[in-house]
2 protein chains.
Amino acid sequence: MKLKTYLPILEWGSRYNRDSLTSDLVAAVIVTIMLIPQSLAYALLAGLPPEVGLYASVLPLVAYAIFGTSTALAVGPVAVVSLMTASAIGSIAAEGTVDYASAAILLAAMSGIILAVLGLFRLGFIANFLSHPVISGFITASGLIIATSQVGGMLGIKTEGHALPELVMSIVHNIGTINWYTLAVGAVSLALLLWIRMDLKNWLIRFGLPKGAVTIITRAGPVLVVFLTMAWSVLGDLGARGVALVGDVPQGLPMLSLPNFNLDTMQALLLPALIISIVGFVESISVAQTLAAKRRQRIDPNQELIGLGAANIAAAVGGGYPVTGGFARSVVNFDAGAATPAAGAFTAIGIAGATLLLTPFLAILPKATLAATIIVAVLTLVDFSILKRAWTYSKADFTAVAITLLGTLLMGVEVGISLGVAASILIFLYRSSQPHAAVVGQVPGTEHFRNVKRHDVHTIPSVLSIRVDESLYFANARYLEDLVYGEVAGRPELKDVVLMCSAVNAIDMSALESLEAIQHQLQDLGVRLHLSEVKGPVMDRLAGTEFLQHLSGGVHLSQHQAMEAIKALPAAA
Amino acid sequence: MKLKTYLPILEWGSRYNRDSLTSDLVAAVIVTIMLIPQSLAYALLAGLPPEVGLYASVLPLVAYAIFGTSTALAVGPVAVVSLMTASAIGSIAAEGTVDYASAAILLAAMSGIILAVLGLFRLGFIANFLSHPVISGFITASGLIIATSQVGGMLGIKTEGHALPELVMSIVHNIGTINWYTLAVGAVSLALLLWIRMDLKNWLIRFGLPKGAVTIITRAGPVLVVFLTMAWSVLGDLGARGVALVGDVPQGLPMLSLPNFNLDTMQALLLPALIISIVGFVESISVAQTLAAKRRQRIDPNQELIGLGAANIAAAVGGGYPVTGGFARSVVNFDAGAATPAAGAFTAIGIAGATLLLTPFLAILPKATLAATIIVAVLTLVDFSILKRAWTYSKADFTAVAITLLGTLLMGVEVGISLGVAASILIFLYRSSQPHAAVVGQVPGTEHFRNVKRHDVHTIPSVLSIRVDESLYFANARYLEDLVYGEVAGRPELKDVVLMCSAVNAIDMSALESLEAIQHQLQDLGVRLHLSEVKGPVMDRLAGTEFLQHLSGGVHLSQHQAMEAIKALPAAA
C-alpha cells in the first residue's frame, strides 16, 4: 500500500505489543540519560544556547518515529553537523544574536525540505558520490577541528574560526588569559569522563553489579559529571572567579513557530544546507544499514531521506537546529534493545521532561564541563588509520582521503568536503579516460582468453584480439583509436582484429564515431574488424547503426567462437 | 632526439626538396586568396578592426610551421574562436577602444601560454572531455549565433549581444533603421558568394577550363566579390548614402610588441582563455587527424598543443587575436597538395604582401560584404542532423547535444559549452552509478556464460552467478550490496555466490568495503562467496587485502572453472 510506504509507523504500529513496549522503554531511558549532556554540549558547539540542543532532541525524534524505517537509529544533534551549522551560520550572523538563532532554525528547515524532496523524488543515490575515503577523511578532520575548538572552553579563553589554522592561532594569541579555575573544572570533567568511558564498566563488573545496573550507571556517568560540576560551581562560587557558566536560559519548552524564510539568508544557506543534508544522510544511513543488517532487516534509503527530512522540519518548528542519526547513541539504542522507532518517541518524552526539570539549574553549569563532554565524544571520530589503509590499497583512494582531510582542516568543512568529492570524481574520470587494455590469447585446453603478458596463452599471427577494460565513451574514444592503430602498426601479416567487449559496458556516440574511424582505417589496410562478447544492452544500441551494417568482420557470442569463425574465413582481401 | 620532438621542422626540413617546394607554393597561393576576405571578416566578427585579422594570419602561420606536426593544417582566425573572443572581451571593454584591442592581444597570449603548458605537461587528454555530441551542439549553436550577429551588418542596423535572444531583440528593435543601400550591397554579395560556392565550379568545368584554373578561380571568387563591392562603393558613393565602410586603417604591418599583462584583466580572461584554448585545440586536432589519416600520417596531440600555443603567442606579439586551425582552409590546403608545414609559412608571406598592398584600399570596402562572407562561411557549421542521430542512438547523447545547443544559443558560448561538458560527465557518472547487471548461466555446449534473461542457458539452484557490468567504485558500491542481497533473498537453497568480474575494471576502497560487507552477510547465511574472471590489475590490488584472505569461496580464472570447482566442493556449512 502506498500510504504504508511513506508512513512506516502504520506498518510496525499495527504489530506493536507489550514486549516491544518494554524493550523500547528500557532503551529510551538509557538513550535519554546519554543524550542530555550531549545535546547541551553540541548546541554550544553549533554556537547556540545549550537549551537549543534539548529542543532539537524532542520533536525531531517524534517525527523520525513516524516517518523513519530504522528500528535502532537515534536522531538528534550530532558533533559533525553541529560544527557544519556553526560554519554555515558563522559567516552570515554573529554568535549570540537573534539572527544567529533564527538562521539555525532556517538552516534546519531548508535541510529538512532538501532531504524530503530528495526522498520523494528517489534521489538518494546522490549520497553515493560521497566515497568512503572522502567520508573518513572528512570525519577525522571534523573531529580534530571540533576537539581543537573546545580547547578554548577548557582553558577559559576565547577562540574563533571553524578551521584549524584560525583556531590554533587564536588559542596561541589568547593563551595568556587562561582562567585556572576553568582549567581545573575542565580537566577534572575530562578525566572523569575518560575514566567513565574506559574503566567504569570493568570496575562495576568487578564489584559484582548486575549487567543492567552496570549499563545504566555507565550511561548515566556523564550526567553525574554534569551534576558534580554544578555542585562545585555553587559551592566554589566559580562564577565569581571568572569561570564561564551557561547562565540563565528560558524555562520550559519553546513555542512552536514557523521559520523566517528570508530570501537573502536562504540564498546564503543553500549550499551549506545541501552539504549538511547529504553528510547527515550519509552518516545516518551508514549506521542504520549496519544495525539493520545485524537483525537481518532492510531499510529503504529513500524513505530514510523522508524520515530525516521530517525530523529536520520538526527541528525547525520546535526551535532547534539541524539533526541527524548519531552513531554512538544509535549503537546504545540498539544494544539496549530498542525494538521499534517508538523508542525514539519515548526518548523525546524523556528529554522534554528533562528540559522542564533541568532548565532552572542549567544557569550554574560550567561551560568547561560541556567542552570536556564534546572532546570525549569526538575523539572516537578521529581515525588516521584510514590514511595508511588507503595508501596500501590504492594511491587514488589515498589522494582522495588526503585532499579531503587537509582541505577540511585548513579551509573548513564545506570547502574540504567539496574538494574531496571533486577529487574523487576527477580521479575516477581520469582513470577511465586511460583504460587498461590487453592483447589476449587462448588459455590452452580452455575456451578462455587472457592477457598475453600475464598468462601463457596461444595466439595466431594473422589475428589480433584486444580486450579494452572500460566502457567506451567520449573521454577514452580517442585513446581507443591510438591503441588500435598502435597495435596494428607492427603486424604486417594481420588479417583480422577482434575487439573483445566483455568489459565494455556502454558505447556512446563519440566512441561509435571512433569505432567507425577504426573500421575505415582497417578496411584501407585490408584488415577485417570483428567484435566478440558484446553485452546485450550494448548490442541493442549498436543494432540500428551504420557501423554494424558495414562491419567488415562479424559479431561473435564469445571470443572462442570468434576465433573459430575467423579460422573458417578465407584470407581477407 | 629530444629537440626534434619539440621542433618538428628539424625533421621535415632536413628532407625538404624541390617537389615539396612546388606543392607547398601552389597550396599557399590558393589558401592566401581564400584567407584574405575571411581574415578581414572574422576580425570584424571578433569586434576588432579588419586589418587585425590579416595580422593574425602572418606570424601565427610561421610559428605553427616551426612547431606544428600536421602537414595540412592551416592556422589563422576562425569563426567560432572569433565569436568566443568577442564574447570574452565584450564583457570587460567597449568595442573600438584601445582597451578592447589590447585585451584581444592579451587573450591570445594567455591562450597561447595555456596551450603550450598543456602540451609541455602532456595534458592533451583533457580535450577528450569535450564529447562529440557537445562539440557538435556547440558548433551548430555558434554558427547560428554568428549568422544572426551578421544580419545587422547586412541591413545596416546596430545589433548587440553574443547570444540569440539579445541579438534577435536588438534586430527587432532597430529594424526601422534599415539602410537600403547597405541591404543591396549585402544581398548582392551574399547571392554572389553562394553562387560561387555552389555553382561556379560546375559552370567553369562546363566551359571546358582546365582543373587548375577552375580551382584558382573558384577560390578567388570571394576576393573578386570584395573588389567588386569596393568598385561599387566608389562609383555609387555608398559612404555618403549611409553604407558602413571599413574606413581608414593603419598602413603596413604592425610593430612587434609584448602584450600588456594587466592582472585584473588577466583574471577576468582566465576562464574564457581556457575555454577558447580547449575548443580551438579540439577543432584543430580533429581536422589535423582526419587529414593525416588520409595520408597514413600520425600527428602528436601534445606537440600540436605546443604548435597552437606558439601560434597564439605569435598572434599576440604580432598584434592579432586568438587563432586556431580552420576546417575549410585546411581541407583546401590539403586538396591543393600542401606537402609540409612550409605551405603555411608561404601563406604567411602571401598575407603579409596582401596586407601591404590592400590596406590603402580597405577604407572603401562596405562592411556588408564582410558580413555576407561570414554568413556563407558559417552556414556549413550549422548541422541539426546531429540531434536526430543522437536521439536515435541514445537519449543520453541527445541530452548532452540539446543542453549544449540550447545553453549556447540562450546563454552564450562560455556558459553553453560548460553546461554541455558538465552534463555529459554527470550523465556518465549517473549511468555508472546504476550499472547493468545480469544473473548468468552456461550457454549449453560451450564454456561461455551469459545473461539468463537473454540466452537459453543452464543454471544450478544452489549457485548464483552475477555479472556486474561496471567497475566497482564509490558511486555504485551501495548499489552492489543491494543487488546481491536482493538476488540472494529469494533463493533459500543457495550455497554459493559467484561474482563474475569480467566487466569489473577496477575496485576502489569503497567497493572493497561493500565486498567485505557482502562477504560477512553471506557468511552469516551459510553461503560462500567466489570471484571469477578477475582481471590482472584488479587482482594485483586485491592481493594483499583482508577481504581476499578471508574469502569464503575461491578466486577462479574463468566462470567455467568456478562452476567446476564449486561442483567438486562439499555443501557449505
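Rules and cut-offs
- Residues numbered from 1 in each chain as written.
- Chains lettered and ligands numbered in written order.
- Predicted model: local features only at pLDDT ≥ 70, side-chain atom pairs only at ≥ 80, totals over all residues.
- Heavy atoms only, no water.
- Helix = DSSP H or I, 4+ residues; strand = E, 2+ residues; numbered from the N terminus.
- Buried < 20%, exposed > 50% of the residue type's maximum accessible area, 1.4 Å probe, protein only.
- Contact = heavy atoms within 4.5 Å.
- Areas by Shrake-Rupley, 256 points an atom, 1.4 Å probe, with all protein chains shown as cover.
- Lys, Arg positive; Asp, Glu negative; His and termini not counted.
- Charge placed at Lys NZ, Arg CZ, Asp CG, Glu CD.
- Least-squares fit on C-alpha atoms with pLDDT ≥ 70 in both.
- Disulfide = S-S within 2.5 Å.
- Domains from an automatic or database assignment.
- Expected span 1.5 Å × (residues − 1).
- Bend = angle between axes of the 7 residues up to and from the residue.
- Polar contact = N/O pair within 3.5 Å; in protein donor to acceptor, adjacent residues only side chain to side chain.
- Core = buried A, V, L, I, M, F, W, Y, C linked by side-chain atoms within 4.5 Å.
- Pairing = 2+ DSSP bridges.
- Right-handed = clockwise from strand over helix to strand, strands pointing away.
- Phe/Tyr/Trp six-rings, centres within 6.5 Å; stacked < 30°, edge-to-face > 60°.
- Lys NZ or Arg CZ within 6 Å of the ring centre and 35° of its normal.
- Patch = residues over 30% accessible without salt bridge, like charges linked within 9 Å, V, L, I, M, F, W, Y side chains within 5 Å.
- Salt bridge = Lys/Arg side-chain N within 4 Å of Asp/Glu carboxyl O.
- Buried area = accessible area lost by both parts, 1.4 Å probe.
- Axes fitted to C-alpha atoms, helices over the stretch in contact; angles between N-to-C directions.
- Parallel < 35°, antiparallel > 145°, perpendicular 65-115°, else oblique.
- Left-handed = near helix turned anticlockwise from the far one by under 90°.
- Nonpolar A, V, L, I, M, F, W, Y, C, P; charged D, E, K, R; others polar.
- pLDDT = per-residue confidence, 0-100.

### Concerning the overall build of chain A
So, point 1. Looking only at helices and strands, one finds 24 helices and 8 strands in chain A.
So, point 2. A principal-axis box enclosing the C-alpha atoms of chain A has dimensions of 100 × 60 × 55 Å.
So, point 3. Looking at the 573 residues of chain A, the share that counts as buried comes to 56%.
So, point 4. Sequence-distant contacts in chain A: of pairs separated by 6 or more residues, those separated by 24 or more amount to 79%.
So, point 5. For chain A, the exposed area adds up to about 23400 Å²; of that, 65% sits on carbon and sulfur atoms.
So, point 6. Both charge centroids of chain A, one from 33 positive and one from 36 negative side chains, sit 10 Å from each other.

### Remarks on the relation of the copies chain B and chain A
So, point 1. Aligned on chain A, chain B shows an RMSD of 0.1 Å; the corresponding rotation is 180 degrees and the shift along the axis is 0.1 Å. Those values place the two copies in the arrangement expected of a two-fold rotation axis. When C-alpha distances to the rotation axis are compared across chain B, the minimum falls at A503(B), with a value of 1.9 Å.
So, point 2. Comparing interface residues between copies, 100% of those in chain B also sit at the interface in chain A, which points to an isologous, same-surface contact.

### Thoughts on the state of the cysteines
So, point 1. Taken as a whole and assessed by the stated rule, the structure comprises 0 disulfides over all chains.
So, point 2. C501(A) takes part in no disulfide bond, and the closest cysteine sulfur, belonging to C501(B), lies 19 Å away.

### Comments concerning the domain arrangement of chain A
So, point 1. Along its sequence, chain A is organised into domain 1 (2-423) and domain 2 (437-568).
So, point 2. A C-alpha centroid distance of 55 Å is found between domain 1 of chain A and domain 2 of chain A.

### Examining helix α3 (residues 18-45) of chain A
Residues that lie three or four places apart on an α-helix share one face, since the helix turns once every 3.6 residues.
All names here are of chain A.
So, point 1. Compared with an ideal rise of 1.5 Å per residue, which puts 28 residues at 40 Å, α3 spans 39 Å between its outermost C-alpha atoms and is within 8% of the ideal.
So, point 2. The largest bend in α3 is about 35 degrees, located at L35, with the proline P37 one to four residues further on.
So, point 3. Near the N-terminus of α3, the side chain that reaches the backbone nitrogen of D19, with its oxygen 3.2 Å away, is that of N17.
So, point 4. Backbone geometry just after α3 places G47 at a positive phi near 85 degrees.

### As for the nonpolar core
So, point 1. Counting residues in each nonpolar core, the largest one holds 102 residues, and the members touching the most others are M84(A), V279(A), Y321(A) and L365(A).
So, point 2. Ranked by the residues each element gives to this core, the list is headed by helix α12 (residues 263-294) of chain A, at 13 residues.
So, point 3. Beyond its immediate chain neighbours, meaning those up to four positions away, M84(A) contacts F138(A), I275(A), I276(A), V279(A), V413(A) and E414(A).
So, point 4. Among the nonpolar cores identified, the runner-up in size contains 101 residues, and L54(B), A103(B), I105(B) and A288(B) belong to it.

### So, the pairing of strand β5 (residues 463-468) of chain A
Residues and elements named next belong to chain A.
So, point 1. Among the 6 residues that make up β5, 6 are buried, leaving the element largely enclosed by the rest of the structure.
So, point 2. Here β5 shows two buried faces, one formed by V463, S465 and R467 and the other by L464, I466 and V468.
So, point 3. Examined bridge by bridge, strand β3 (residues 437-442) and β5 share 3 bridges and lie antiparallel to one another. Of the residues in β5, the one forming a bridge with A437 is V468.
So, point 4. The pairing of β5 with strand β6 (residues 496-500) spans 5 bridges and is parallel. Note on β6: the bridge partner recorded for I466 is L499.
So, point 5. In this fold, β5 hands off to helix α20 (residues 474-489), which returns the chain to β6; that crossover is right-handed.

### Comments concerning the packing of aromatic side chains
All names here are of chain A.
So, point 1. Scanning the entire structure with this criterion turns up 17 aromatic pairs over all chains.
So, point 2. Taking 4.9 Å as the distance between ring centres and 35 degrees as the angle between the ring planes, the aromatic pair formed by W203 and F207 counts as tilted.
So, point 3. Sitting above the plane of the W391 ring, K395 keeps its charged end 4.4 Å from the centroid.

### Thoughts on a nonpolar patch on the surface
Residue and element names in this part refer to chain A.
So, point 1. Taken together, the side chains of I113, V117, L120, F121, L123, F261 and I313 make up a nonpolar region of the molecular surface, amounting to roughly 620 Å² of accessible area.
So, point 2. Sort the elements by how many residues they give to the nonpolar patch and helix α7 (residues 98-120) lands first, with 3 residues.
So, point 3. Here F261 is to be found in the loop between α11 (211-235) and α12.

### Things to note about the interface of chain B and chain A
So, point 1. Between chain B and chain A, the contact holds 68 residues from the first and 68 residues from the second.
So, point 2. Summed over both partners, the interface of chain B with chain A buries about 6300 Å², with 56% contributed by carbon and sulfur atoms.
So, point 3. Joining chain B to chain A, the criterion identifies 6 salt bridges.
So, point 4. Across the pair E513(A) and R389(B) runs a salt bridge whose closest N-O atoms are separated by 3.8 Å.
So, point 5. For the interface between chain B and chain A, the tally reads 29 residue pairs in polar contact (both at pLDDT 80 or more).
So, point 6. Per-element tally for the side of chain B that touches chain A: the top contributor is helix α19 (residues 413-433) of chain B, with 8 residues.

### Observations regarding helix α14 (residues 327-335) of chain A
Residues and elements named next belong to chain A.
So, point 1. Regarding α14, the residues found buried are R329, S330, V332, N333 and F334.
So, point 2. Against the buried residues of α14 lie α3, β1 (74-76), α11, α12, β2 (324-326) and α15 (342-362).
So, point 3. Count one or two residues on from α14 and you reach G337, which has phi positive near 100 degrees.

### What to know about unusual backbone geometry
So, point 1. One non-glycine residue, E533(A), lies in the positive phi region at around 55 degrees.
So, point 2. The residue E533(A) is located in the loop between β7 (528-532) and α22 (536-542) in this model.

### A few points about the pairing of strand β7 (residues 528-532) of chain B
Residues and elements named next belong to chain B.
So, point 1. Of all the 5 residues making up β7, 5 are buried; the element is thus mostly covered by neighbouring parts of the structure.
So, point 2. Side-chain alternation along β7 places R528, H530 and S532 on one buried face and L529 and L531 on a second face that is also buried.
So, point 3. Read from strand β6 (residues 496-500) through helix α21 (residues 509-524) to β7, the crossover connection turns out right-handed.
So, point 4. Note: β7 against strand β8 (residues 555-556), 2 bridges, orientation parallel. Residue pairing in the sheet places S532 in a bridge with H556 of β8.

### Describing the packing of helix α8 (residues 132-155) of chain B against α19(B)
Residue and element names in this part refer to chain B.
So, point 1. Taken N-terminus to C-terminus, the directions of α8 and α19 make an angle of 160 degrees; their axes are 10 Å apart at the nearest point. Judged by the angle between their axes, α8 and α19 are roughly antiparallel. α19 is crossed by α8, and the crossing has right-handed handedness. For the pair α8 and α19, contact is made by V134, F138 and S142 and by V413, I417, G420, V421 and S424, respectively.
So, point 2. Partitioning the contact of α8 with α19 into residue classes produces 5 nonpolar, 3 polar and no charged.

### Let's talk about the side chain of Q150(B)
So, point 1. Position of Q150(B) among the secondary structure elements: in helix α8.
So, point 2. Setting aside anything within four residues of it in sequence, one finds Q150(B) in contact with L45(B), A371(B), I374(B) and I375(B).

### Remarks on the confidence of the model for chain A
So, point 1. Overall, the prediction assigns chain A a mean pLDDT of 90, with 99% of residues at 70 or greater.
So, point 2. Across the whole predicted complex the pTM is 0.82, and at the interface the ipTM reaches 0.80.

### Brief notes about the sheet that holds β5(A)
Residue and element names in this part refer to chain A.
So, point 1. Taken in spatial order, the 6 strands of this open sheet run β4-β3-β5-β6-β7-β8, and their pairing is mixed. In this open sheet, the two strands that pair with only one neighbour each are β4 (449-451) and β8 (555-556).
So, point 2. Of the strands in this sheet, β3, β5 and β6 are in contact with α20, which crosses β5 at around 155 degrees.
So, point 3. Docked against the sheet, helix α24 (residues 559-568) engages β3, β4, β5, β6, β7 and β8, running at close to 170 degrees with respect to β6.

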